[in-house]
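Chain by chain, the residues:
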Amino acid sequence: MIRAGIIGASGFTGGELIRLVSRHPELELTFLGGNSSAGKRPAQLHPGLRTDLGLAIEPVTADAVAERCDVVFLATPAPVSAELAVLLADRVPCVIDLSGAFRIRTPELHERWYPKAERRAELADRFVYGVPELVGDQLVGAPLISVPGCYATAITLGLAPLTLGLGLDLRTVVVDGKSGSSGGGLHLRTADLHPLRHGAIAPYAPTGHRHAAEVGDFLKRGRRGTIGSLTMSAYGVSHVRGLLASAYVFTDDAVDGRELQRAYLRFYKGHHFVRVRRHTETLIPVPDPQAVLGSNFCDVTVLRDDERDAGGRIVVLAALDNLVKGAAGQAVQAMNKRFALPEETGLTMQPVMPA
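Reading guide: rules and limits
- Residues numbered from 1 in each chain as written.
- Predicted model: local features only at pLDDT ≥ 70, side-chain atom pairs only at ≥ 80, totals over all residues.
- Heavy atoms only, no water.
- Pairing = 2+ DSSP bridges.
- Helix = DSSP H or I, 4+ residues; strand = E, 2+ residues; numbered from the N terminus.
- Contact = heavy atoms within 4.5 Å.
- Axes fitted to C-alpha atoms, helices over the stretch in contact; angles between N-to-C directions.
- Phe/Tyr/Trp six-rings, centres within 6.5 Å; stacked < 30°, edge-to-face > 60°.
- Buried < 20%, exposed > 50% of the residue type's maximum accessible area, 1.4 Å probe, protein only.
- Lys NZ or Arg CZ within 6 Å of the ring centre and 35° of its normal.
- Salt bridge = Lys/Arg side-chain N within 4 Å of Asp/Glu carboxyl O.
- Expected span 1.5 Å × (residues − 1).
- Bend = angle between axes of the 7 residues up to and from the residue.

**Regarding the sheet that holds strand β5 (residues 128-129)**
In space, the 6 strands of this open sheet follow the order β2-β1-β3-β4-β6-β5, with parallel pairing throughout. For this open sheet the edge positions go to β2 (27-33) and β5, each flanked by a neighbour on one side alone. Examined bridge by bridge, strand β1 (residues 2-7) and β2 share 6 bridges and lie parallel to one another. Each residue of the ladder has a partner; that of Ile 7, found in β2, is Gly 33. Together, β1, β2 and β3 (71-74) form the strand contacts of helix α1 (residues 12-22), whose direction differs from that of β1 by roughly 165°. Sheet strands in contact with helix α4 (residues 78-88) are β1, β3 and β4 (94-97), and its direction is about 165° off that of β3.

As structure tokens, this is what we get:
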């Protein structure tokens, strides 16, 4: 069995990691860390976790983690992850960070979007950006993995067939993102109080989002096509879980709708967790976040806008559960690749709908 630890076990993502790791057939949960919640059992913090796991949350020390873990998941804020990575790298066989501390490789971009997460440059260069569908070979045996952000996962999986697959030169990409309240984490903020959040469409990042910088940083380091500009506006909606990223792509390269659909199907053939869909194939138009909740799936649809004044616009829609495929599930999927396990191991749950 692979011994697994979770640091930051009291948050939403930490709770999802406990749920997934505790049911994983190849993992043994051996350490739960979180200084502010030390002494509490998981069920006290996460009411859905009724099973006694035989563990309580402990203060985090590098010696305890190194002695008891083969892999440790960091579900901690970026500044905390940056500090923990220094202590745990080279002492634990695999460190998987779910924060933004190591997602953006370019130092200037990182400093702009994560100014409080001071990191060592040589350590940042060692992290693999963990999108299993796109860099699976790099994850095998990787000692340090950075899990993409929830929006970044959806956007990257949505755009990769255009840039990495077809090699298109994307002149302009404009992303419209809508996510549920759990994306903000377990913090008390006035804007997230139920009387204000319920029924709202709140433009919390209308002119820029760090996940757009993350996507651009990753895709521009890839081969084949290019991206001229990638901008994003983000909105909070009254859902608790799930997000939808709508990317409006403008390119001078000629490609028709059927060719786009075939390219996406070809690109994700054999990748279990990305479902390429026609938006009219079900009772409700998809992708829709409610059709993936509780699962590790990302649903993707690509359409060509052939209206005369559309300018050859390509519309890419991607939906996922921000706590599973956008966080804990993708971390476990990356861990499976790291230890040469089938990607679906421990992640075979189907979506829960209605939810």
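There is more to say after this.
**A word on the packing of aromatic side chains**
Throughout the structure, instances matching the rule amount to 4 aromatic pairs. Between Tyr 129 and Phe 218 the ring centres are 4.8 Å apart and the planes differ by 35°, which places this aromatic pair in the tilted class. Within this pair, whereas Tyr 129 is found in strand β5, its partner Phe 218 is found in helix α10 (residues 210-220), the two being separated by 89 residues in sequence. With relative accessibility at 10%, the residue Phe 218 sits in the buried group. The lysine or arginine in question, Arg 338, covers the ring of Phe 339, its NZ or CZ lying 4.4 Å from the ring centre.

**Structural notes on the pattern of salt bridges**
Counted according to the given criterion, the structure contains 18 salt bridges. Among the charged side chains, a network of salt bridges with common partners joins Glu 16, Arg 19, Arg 241 and Asp 321.

**Some words on the environment of His 194**
With respect to the helices and strands, the residue His 194 is situated in helix α9 (residues 194-197). In this structure the C-alpha to C-alpha distance between His 194 and Val 92, which are 102 residues apart in sequence, comes to 41 Å.

**A short note on helix α12 (residues 324-338)**
With 15 residues, α12 ought to run about 21 Å at 1.5 Å a step, yet its terminal C-alpha atoms sit only 18 Å apart, falling short of that. The sharpest bend along α12 reaches about 45° and sits at Gln 330. Along α12, 15 of the 15 residues are buried, which leaves the element largely enclosed by surrounding structure.

**Side note on the sheet that holds strand β11 (residues 274-276)**
If you trace the 7 strands from one edge of the open sheet to the other, you get β8-β9-β7-β10-β13-β12-β11, paired in mixed fashion. Both edges of this open sheet fall to β8 (201-205) and β11, since each of them pairs with a single strand only. Taken over all neighbouring pairs, the strand axes of this sheet differ in orientation by 25° on average, direction set aside. Together, β7 (169-179), β8, β9 (226-237), β10 (243-251), β11, β12 (298-304) and β13 (314-320) form the strand contacts of helix α8 (residues 150-165), whose direction differs from that of β10 by roughly 35°.

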